[in-house]
Amino acid sequence: MTNHEKAKLIAPWINPAERVTVDFKDEIGLNAEVFGCTENVVHLLFQEAFPHIKEQITIPLREVEVGEDHGRYTRDPDTPLQWRLRLQVNRNRPEGM
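So, how was this worked out
Residues numbered from 1 in each chain as written. Predicted model: local features only at pLDDT ≥ 70, side-chain atom pairs only at ≥ 80, totals over all residues. Heavy atoms only, no water. Buried < 20%, exposed > 50% of the residue type's maximum accessible area, 1.4 Å probe, protein only. Helix = DSSP H or I, 4+ residues; strand = E, 2+ residues; numbered from the N terminus. Arc of directions from axis to C-beta. Pairing = 2+ DSSP bridges. Axes fitted to C-alpha atoms, helices over the stretch in contact; angles between N-to-C directions. Contact = heavy atoms within 4.5 Å.

S.K.: Can you help me understand helix 1 (residues 3-10) in this one?
M.R.: Spacing of three or four residues puts side chains on the same side of an α-helix, whose turn is 3.6 residues. Among the residues making up helix 1, those that are buried are Lys6, Ala7 and Ile10. For helix 1, the buried positions fall inside an angular range of 100° around the axis, keeping them on one side.

S.K.: Looking at this structure, how should I read the sheet that holds strand 3 (residues 41-47)?
M.R.: Strands pair in a sheet through their backbones, by hydrogen bonds, and they do so in one of two ways: parallel or antiparallel. One open sheet accounts for six strands, arranged 4-3-2-1-6-5; its pairing is mixed. A single partner strand is all that each edge strand has here, and the edge strands are strand 4 (54-60) and strand 5 (64-73). Taking the axes of each pair of neighbouring strands and ignoring which way they run, one obtains an average angle of 40° across the sheet. On the sheet, helix 1 packs against strand 2 (30-37), strand 3, strand 5 and strand 6 (83-89) and is oriented at approximately 25° with respect to strand 5.

S.K.: How should the environment of Glu18 be read in this particular structure?
M.R.: Within the fold, Glu18 resides in the loop between helix 1 and strand 1 (20-23). Between the C-alpha atoms of Glu18 and Arg84, which are 66 residues apart in sequence, the distance is 8.7 Å. Sequence-distant contacts of Glu18, that is, excluding residues within four places in its chain, are made with Trp13, Ala32, Glu33, Thr74, Arg75 and Asp76.

Structure (structure tokens):
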């Protein structure tokens, strides 16, 4: 899949009310919010242990595989029901997260 195709699939998930599932090589099933995406990178926010603190991370699309999380659905009851987006990152979780 090209970066252009990945960005096209990720773009509809740029919504503060929705979450995506992110899997790193060393940690799976993390919840994140997509707050931006270009044909080169995806920008994610991860909720941390402390309330109202979020960790921002930018990941190159060349390291990301895009799929569906068949264990979770969208959150917004006003939109059609669909599987949640799953991003599989081909590296370990960054330090500081």
